[in-house]
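Each chain, letter by letter, is given below.
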Amino acid sequence: MAETEDKAEPPAILIDPIDMSKLDSEFRHEISSMPNGEELSACFACSTCTAACPIANVWKYKPHQLIRMILLGMREEVLSSEEIWLCLTCFQCQERCPQKVRVTDILFDCKNLAAEEDKIPPNVAALGKQLVETGQLYTVTADWEREDMDLEPEVPGLDVEPIKKILKGTRTGRISSGGSE
Amino acid sequence: MPTYNLYMGCSVPANYPNYEAAMTRVANAFGIQLDYLEGVACCGSPNLRAIDHFGWLVVNARTLAIADKTGNDTITPCNGCFGSLKDVYHILVHDADSREAVNKELKKEGLEFKGLSKPRHFVEVLYTDVGMEEIKKKITTPLDGVGISIHYGCHILRPADVTEFKPEILDELLRVTGATVVEYPLWKQCCGATVLPVNEALGIRLARDKLKSMKEAGAEFATVVCPACANQLDLQQLDLKKSYGEDYNLPILFLPQILGLAMGLSEEEVGLSMNRVPAGPILSHLRG
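Parameters at a glance
- Residues numbered from 1 in each chain as written.
- Chains lettered and ligands numbered in written order.
- Predicted model: local features only at pLDDT ≥ 70, side-chain atom pairs only at ≥ 80, totals over all residues.
- Helix = DSSP H or I, 4+ residues; strand = E, 2+ residues; numbered from the N terminus.
- Rg over C-alpha atoms; globule rule 2.2 N^0.38 Å.
- Contact = placed C-beta atoms within 7 Å.
- Nonpolar A, V, L, I, M, F, W, Y, C, P; charged D, E, K, R; others polar.
- Domains from an automatic or database assignment.
- Buried ≥ 20, exposed ≤ 12 C-beta atoms within 10 Å, placed from the backbone.
- Pairing = 2+ DSSP bridges.
- Axes fitted to C-alpha atoms, helices over the stretch in contact; angles between N-to-C directions.
- Parallel < 35°, antiparallel > 145°, perpendicular 65-115°, else oblique.

**Section: the overall build of chain A**
Summing up its helical and strand segments, chain A has 12 helices and 0 strands in all. Moving toward the C terminus, one meets the helices and strands of chain A in the order α-α-α-α-α-α-α-α-α-α-α-α. Compactness check: chain A gives a C-alpha radius of gyration of 23 Å against a globular reference of 16 Å for 181 residues, more than 25% above the reference. The dimensions of chain A, computed from C-alpha atoms along their principal axes, are 90 × 40 × 35 Å. Considering only contacts in chain A between residues 6 or more positions apart, those separated by 24 or more positions represent 65%.

**What to know about the interface of chain A and chain B**
Contacts between chain A and chain B engage 49 residues on the former and 50 residues on the latter. Breaking the side of chain A that touches chain B down by element, the ones donating at least two residues are helix H6 (83–86), helix H7 (92–96), helix H8 (103–116), helix H9 (122–134), helix H10 (143–148), helix H11 (161–168) and helix H12 (171–177) of chain A. Broken down by element, the residue count for the side of chain A that touches chain B peaks at 5 residues, all from H9 of chain A. Classifying every residue of the side of chain A that touches chain B by side-chain character gives 30 nonpolar, 12 polar and 7 charged.

**Concerning the domain arrangement of chain A**
Taken domain by domain, chain A consists of domain 1 (22–116) and domain 2 (122–177). Each of domain 1 of chain A and domain 2 of chain A has a C-alpha centre, and the two are 30 Å apart.

**Thoughts on the environment of Lys136 of chain B**
Following the sequence through the fold, Lys136 of chain B ends up in helix H8 (residues 132–137). Placed 126 residues apart in sequence, Lys136 of chain B and Ala262 of chain B show a C-alpha to C-alpha distance of 9.9 Å.

**Some points on unusual backbone geometry**
The omega angle of the peptide bond from Arg158 of chain B to Pro159 of chain B is -10 degrees, so this bond is cis rather than trans. Structurally, Pro159 of chain B is set in the loop between helix H9 (154–157) and helix H10 (160–163). Positive phi values are uncommon outside glycine, yet Lys100 of chain A reaches one of about 60 degrees. Topologically, Lys100 of chain A is positioned in the loop between H7 and H8. The exposure class assigned to Lys100 of chain A is exposed, which follows from the 12 C-beta atoms found within 10 Å.

**Considering the sheet that holds strand S5 (residues 147–150) of chain B**
Residues and elements named next belong to chain B. Taken in spatial order, the 4 strands line up as S6-S5-S7-S8 in an open sheet, and their pairing is parallel. Here the strands that pair on one side only, and so sit at the sheet edges, are strand S6 (180–181) and strand S8 (252–254). Sheet analysis places strand S7 (residues 221–224) next to S8, joined by 3 bridges and oriented parallel. Each residue of the ladder has a partner; that of Ala222, found in S8, is Ile252. Here helix H14 (residues 255–262) sits on the sheet and contacts S7 and S8; the angle it forms with S8, its principal contact strand, is near 80 degrees.

**Some remarks on the packing of helix H7 (residues 122–130) of chain B against helix H11 (residues 168–175) of chain B**
Residue and element names in this part refer to chain B. Where H7 contacts H11, the two axes come as close as 10 Å, and the packing angle between them is 70 degrees. It follows that H7 is roughly perpendicular to H11 by the angle criterion. When H7 is examined against H11, the residues Val123, Glu124, Leu126 and Tyr127 are found in contact with a partner set consisting of Ile169, Leu170, Glu172 and Leu173. When the residues that make up the contact of H7 with H11 are grouped by side-chain class, the tally is 6 nonpolar, no polar and 2 charged.

What follows is the structure in structure tokens.
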């Protein structure tokens with residue numbers, strides 16, 4: 001009969017298999033050796049981190065998936081993902097992990113690796129540039145407001161030069177000098 | 001008179017002189033001397049940590065190394081600065097390799113991180129070093145019956161093993177003024193400030209959800225201890241009329257402003273007119 005001839009579409013729950021040849025088996029070691037990355041392999045994918053994340057519902061890759069992707073070696077996907085930059089750094093995932101995986105800290109590690117490859121959202125790169133150029137994120141403009149409150153118009157003790165000098169010599173300086181002139 | 005270093009960071013002095021002044025006046029009332037730390041600037045915020053972990057370590061270790069020379073602990077009124085300083089302090093105390101690498105950089109300026117000066121949030125110093133008994137003695141105009149919700153802010157609470165801060169500190173500092181602490185479901189949730197550079201609409205949504213949660217729980221005020229949280233909950237509130245068509249009219253006060261008012265400071269002395277959502281009507285009702 002005609003209807004049995006029709007090939008049904010594959011069920012939507014199936015996903016494309018991961019291309020094993022594109023996995024980077026060193027990625028997990030790279031992250032484990034970074035600040036607070038040691039507990040990475042303790043993850044048993046319970047997804048408590050995802051339950052704790054206030055914005056995971058708008059993430060394509062949820063926090064527990066990102067951790068799994070790191071363990072699998074999906075370096076390119078993780079470091080190019082928008083999610084690592086959307087992280088609020090609220091530490092709710094990390095705080096609730098029953099395996100003591102420092103999820104938020106690991107996302108900071110991922111951002112540092114992405115930054116090293118110049119994969120930084122423009123507005124975040126602009127903040128880095130601002131730090132190198134001005135030594136701070138906010139500068140006093142309304143000094144009369146300070147005087148109204150009986151405060152010194154200029155912030156006592158402020159010296160931006162050493163910060164500018166330090167950051168000029170680190171990754172921030174390199175990122176900020178590239179392609180912006 | 002106990003003396004502390006005062007590390008202001010960049011946001012409070014530029015955006016919230018009312019917070020700076022209220023903190024200074026409350027400190028004076030308790031005989032706390034705050035000396036502005038010499039030769040320091042911005043902590044870099046989580047944005048710097050995201051793109052340049054080592055640069056972030058050096059910048060904050062430098063601040064702590066300058067503080068080390070004074071022999072006094074270092075107070076900040078900003079959760080962002082507190083988070084950076086506490087995290088860097090924690091890393092450098094526990095990781096000899098990082099400490100060595102950072103000190104190599106600091107040596108160029110003749111500085112060394114020793115970990116002698118502990119970074120602390122102003123409200124924790126009030127709670128621990130002044131103590132609730134002494135604070136209670138100074139309450140002259142109690143805010144009896146006013147319902148206040150607390151937005152703690154992420155970087156003062158978490159990660160708890162690093163920040164070593166307990167939520168009860170702010171609860172007790174509010175209750176001592178005679179105010180009622182209004183609990184609300186989203187008390188742990190982020191204000192959304194950090195995500196603004198990457199997704200502004202998402203950041204605004206988070207601020208709106210916080211305000212809604214506090215308002216629905218019956219808060220008349222809310223208190224914050226961080227300039228970034230204040231941007232989100234106070235300043236951003238005005239825009240919510242446009243973006244969400246919602247008007248929360250929930251005054252957001254820094255904790256030293258509330259404490260100061262209860263200690264008899266005037267509205268001018270705590271800079272209440274600089275808060276964007278006016279708090280005056282509620283206070284005059286209370287006192288009328």
